[in-house]
Amino acid sequence: MTTTSSRSKKRRSSTRSRGRGRRSRRSNLWVWVFLGVLVVLFGVLAFVSRSTGPAAEITEATASGEALPPLAQGGSDPAVGSDAPELTGQTLDGESMTIEPGDGTPKAIAFLAHWCPHCQREVPTVTQWVEDGGLPEGVELVGVTTGIDRNRPNFPPQDWLEREEWPAETMVDGNNTAAQAYGLTNYPYWVLVDGDGQVVLRWSGETTPQQLSERIGQLAE
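Residues numbered from 1 in each chain as written. Predicted model: local features only at pLDDT ≥ 70, side-chain atom pairs only at ≥ 80, totals over all residues. Heavy atoms only, no water.

Trainee: Is there a simple way to explain the sheet that holds strand E2 (residues 86-90) in this structure?
Mentor: Note on sheets: strands pair through backbone hydrogen bonds, and any given pair is parallel or antiparallel. Spatial strand order, E1-E2-E3: 3 strands in an open sheet with antiparallel pairing. For this open sheet the edge positions go to strand E1 (62-64) and strand E3 (96-99), each flanked by a neighbour on one side alone. Neighbour-to-neighbour, the strand axes of this sheet turn through a mean angle of 20 degrees, independent of strand direction. In this structure, E1 lies alongside E2, joined through 3 bridges in antiparallel fashion. Residue Ala63 lies in a different strand from E2, and its bridge partner there is Leu87. (Pairing = 2+ DSSP bridges. Helix = DSSP H or I, 4+ residues; strand = E, 2+ residues; numbered from the N terminus. Axes fitted to C-alpha atoms, helices over the stretch in contact; angles between N-to-C directions.)

Written out as structure tokens, the structure is:
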């Protein structure tokens, strides 16, 4: 026969078991919530580090020499035959960099903006053209990332150019000084400079592989 005392003990034991079960489930829930918060926090920290760390630092360039006039649309270019300014700044990796016209090496200088859709199409075109052997021997391809804006798409430019495997050493023009010194008016923007440091050709807008070969080929003649 089950006594009243025995039934009471069983009920208390069952109640304690249910209580422990509920506490266990609550504890497990808080563990998962805590882990979720950690995952989100690490994600935010990684994003901030990627956007504000050394690789995303927006450094300024300097220019010496007389600035080129802005590129006009149509007609002859008054900058042709002029001495191109020397540029000093840092590369995408934070190393010191100088673009020194007149050092004996002809240069094709590409000015690119990370948010510009035309530049975004130009970069893979140029990259493939270089991989296919289009760049003439003895001609240096140089990049300048300019028009930089943290609030516009595809920032930072360092990550963009790395993803595209951009083949040229590139200067960061965080203050647009290099762009202004070379008379930039639209993106993408190109300036060809011969080995004596004189401007051979300037143009803006997207370029086909054939046009790249024809125009940059002038520097090797």
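Trainee: Got a minute to help me understand the nonpolar core in this structure?
Mentor: Side chains of nonpolar character tend, in soluble globular proteins, to be buried together. Counting 49 residues, the largest nonpolar core has Ile99, Ile109, Phe111, Trp166, Tyr182, Trp190 and Ile216 as its most contacted members. Beyond its immediate sequence surroundings of up to four residues, Ile216 is in contact with Ala108, Trp129, Leu135, Pro136, Val139, Trp190, Leu192 and Gln211. (Core = buried A, V, L, I, M, F, W, Y, C linked by side-chain atoms within 4.5 Å. Buried < 20%, exposed > 50% of the residue type's maximum accessible area, 1.4 Å probe, protein only. Contact = heavy atoms within 4.5 Å.)

Trainee: Whenever I open this one, the pattern of salt bridges confuses me. Can you help?
Mentor: Two side chains with opposite charge may pair up if their charged atoms get near one another. All told, the structure shown has 4 salt bridges when counted by the stated rule. Notably, a salt bridge pairs Lys107 with Asp103, separated by 2.7 Å at the nearest N-O pair. Residue class for Asp103 comes out partly exposed when judged on its relative accessible area of 39%. Among the ionic pairs, Lys107 bridges to Glu140, the shortest N-O distance being 3.6 Å. Taken together, the residues span a long stretch of sequence, with Lys107 in strand E4 (residues 107-112) and Glu140 in strand E5 (residues 140-145) at a distance of 33 residues. The exposure class of Lys107 is buried, given its relative accessible area of 3%. The exposure class assigned to Glu140 is partly exposed, which follows from its relative accessible area of 31%. (Salt bridge = Lys/Arg side-chain N within 4 Å of Asp/Glu carboxyl O.)

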